[in-house]
Amino acid sequence: GVYLLFIGPLRGRLVPPETIKPSRLQVASFLAGVLTMLFALSGPVHELADNYLFSAHMAQHMLLTLVVAPLLLLGTPGWLLSPLTRFSAVLRIGRFLTLPLVAFVLFNVVFALWHFPVFYEGALHSHVFHILEHLLFMAVAVIVWWPVLSPLPELPRIPYPAQLIYLIILSIS
């Protein structure tokens, strides 16, 4: 809802009114990401993942990291995030976290740690812990996809040949 407010009636508070509205494809991408998130975190997938099938649990994680995160990034106009980069600390942290090597390592370390028995069992037995797991997965997924799909010129995408190599290495890690 906040996204729809800021790309619609409240857009003039963030950017000059003549700023280009997000395209229909951007809005559709963002909404598809939100709907995929809802599909993964509620209903039958959630029930299967929490109570019956390990494979459904892993599918849930794949949806959150490989589908939801890129769709949300594709659907977010750069001007919507630009006000955050006005804070020098946010910009410095963002530049560091979205360096391809840092993003890659961070994503893989977080993903691997949550599959250690102590964390995995904790997520199975504590709903709050499980929510934290999913939030961290989505956060590091956005970070890992950032070098390829960045909507901000302040935190730019890496060149296309580097994107190809990055995605190939990411897919085999």
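Computed from a prediction, not measured in an experiment: that's the story for all the values here.

Reading guide: rules and limits
Residues numbered from 1 in each chain as written. Predicted model: local features only at pLDDT ≥ 70, side-chain atom pairs only at ≥ 80, totals over all residues. Heavy atoms only, no water. Helix = DSSP H or I, 4+ residues; strand = E, 2+ residues; numbered from the N terminus. Rg over C-alpha atoms; globule rule 2.2 N^0.38 Å. Buried < 20%, exposed > 50% of the residue type's maximum accessible area, 1.4 Å probe, protein only. Contact = heavy atoms within 4.5 Å. Lys, Arg positive; Asp, Glu negative; His and termini not counted. Charge placed at Lys NZ, Arg CZ, Asp CG, Glu CD. Expected span 1.5 Å × (residues − 1).

As for the overall build of the protein chain
When helices and strands are counted, the protein chain shows eleven helices and zero strands. Mapped in sequence order, the helices and strands of the protein chain form the string α-α-α-α-α-α-α-α-α-α-α. Its C-alpha atoms give the protein chain a radius of gyration of 17 Å, within 12% of the compact-globule value 16 Å for 173 residues. In terms of overall dimensions, the protein chain has C-alpha extents of about 50 × 35 × 30 Å along its principal axes. In the protein chain, buried positions account for 41% of the 173 residues. Restricting the contact set of the protein chain to residue pairs at least 6 apart, pairs at least 24 apart contribute 69%. Within the protein chain, the 6 negative side-chain charges are centred at a point lying 22 Å from the centre of the 8 positive side-chain charges.

Some thoughts on helix H8 (residues 100-113)
In this model H8 runs 20 Å from its N-terminal to its C-terminal C-alpha over 14 residues, within 8% of the 20 Å that 1.5 Å per residue would give. Every buried residue of H8 is listed here: Val102, Ala103, Phe104, Phe107, Val110 and Phe111. Summarising the contacts, the buried residues of H8 are in contact with helix H5 (54-74), helix H7 (88-97), helix H10 (127-149) and helix H11 (160-172).

Overview of the environment of Gly122
Within the fold, Gly122 resides in helix H9 (residues 117-125). Take Gly122: its relative accessible area is 18%, and that puts it in the buried class.

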